[in-house]
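# Coordinate analysis (summary)
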Amino acid sequence: MIALALFLALAACSEGVEVEVRQGAAGTSFATAPAKAGFDACIDRAYLYAEGEKPRQLWYATRGMANTPCVREVRLAANPEGFSADAPPALKAGERYRVELIGKGFTAATVFAGR
């Protein structure tokens, strides 16, 4: 069931948006990278899952206000203006995670390892 939901979510990626995961001293952030010039891949919701036999949601952030400026990157430890979020989890080195970003006209996801 989860695999089908993931397939459908990825199939909805109509504008070819990719997710960039940035991990460093400042923490972890997730950004949109549209493949099509001129497409403004503004994030409305972000979800983080622990990968495994039974993936489980660890964190989410959602834009609560319609007039919030376009956000193309969300940090795991800091909410962009107009977003609300769960308390961020501590990522474990070597553990596998999946992040999913959703916005108007796209759903994009990627799997990465914690550092």
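Residues numbered from 1 in each chain as written. Predicted model: local features only at pLDDT ≥ 70, side-chain atom pairs only at ≥ 80, totals over all residues. Heavy atoms only, no water.

Now for the environment of Ala 50. Along the chain, Ala 50 turns up in strand S3 (residues 45-50). Ala 50 gets classed as buried once you look at its relative accessible area, which sits at 12%. When the C-alpha positions of Ala 50 and Arg 98 are compared, they lie 6.5 Å apart, and in sequence the two are 48 residues distant. With residues up to four places along the chain from it excluded, the contact list for Ala 50 reads Pro 55, Arg 56, Leu 58, Arg 96 and Tyr 97. (Helix = DSSP H or I, 4+ residues; strand = E, 2+ residues; numbered from the N terminus. Buried < 20%, exposed > 50% of the residue type's maximum accessible area, 1.4 Å probe, protein only. Contact = heavy atoms within 4.5 Å.)

Here we come to the state of the cysteines. Under the criterion given, the structure shown has one disulfide. One disulfide bridge connects Cys 42 with Cys 70, the sulfur atoms lying 2.0 Å from each other. Taking the torsion about the S-S bond as the criterion, the Cys 42 to Cys 70 disulfide, at about -110 degrees, is left-handed. On the criterion of sequence distance, the pair formed by Cys 42 in the loop between strand S2 (27-34) and S3 and Cys 70 in the loop between strand S4 (56-63) and strand S5 (73-75) is long-range, its members being 28 residues apart. We classify Cys 42 as buried; its relative accessible area is 17%. The exposure class of Cys 70 is partly exposed, given its relative accessible area of 26%. (Disulfide = S-S within 2.5 Å.)

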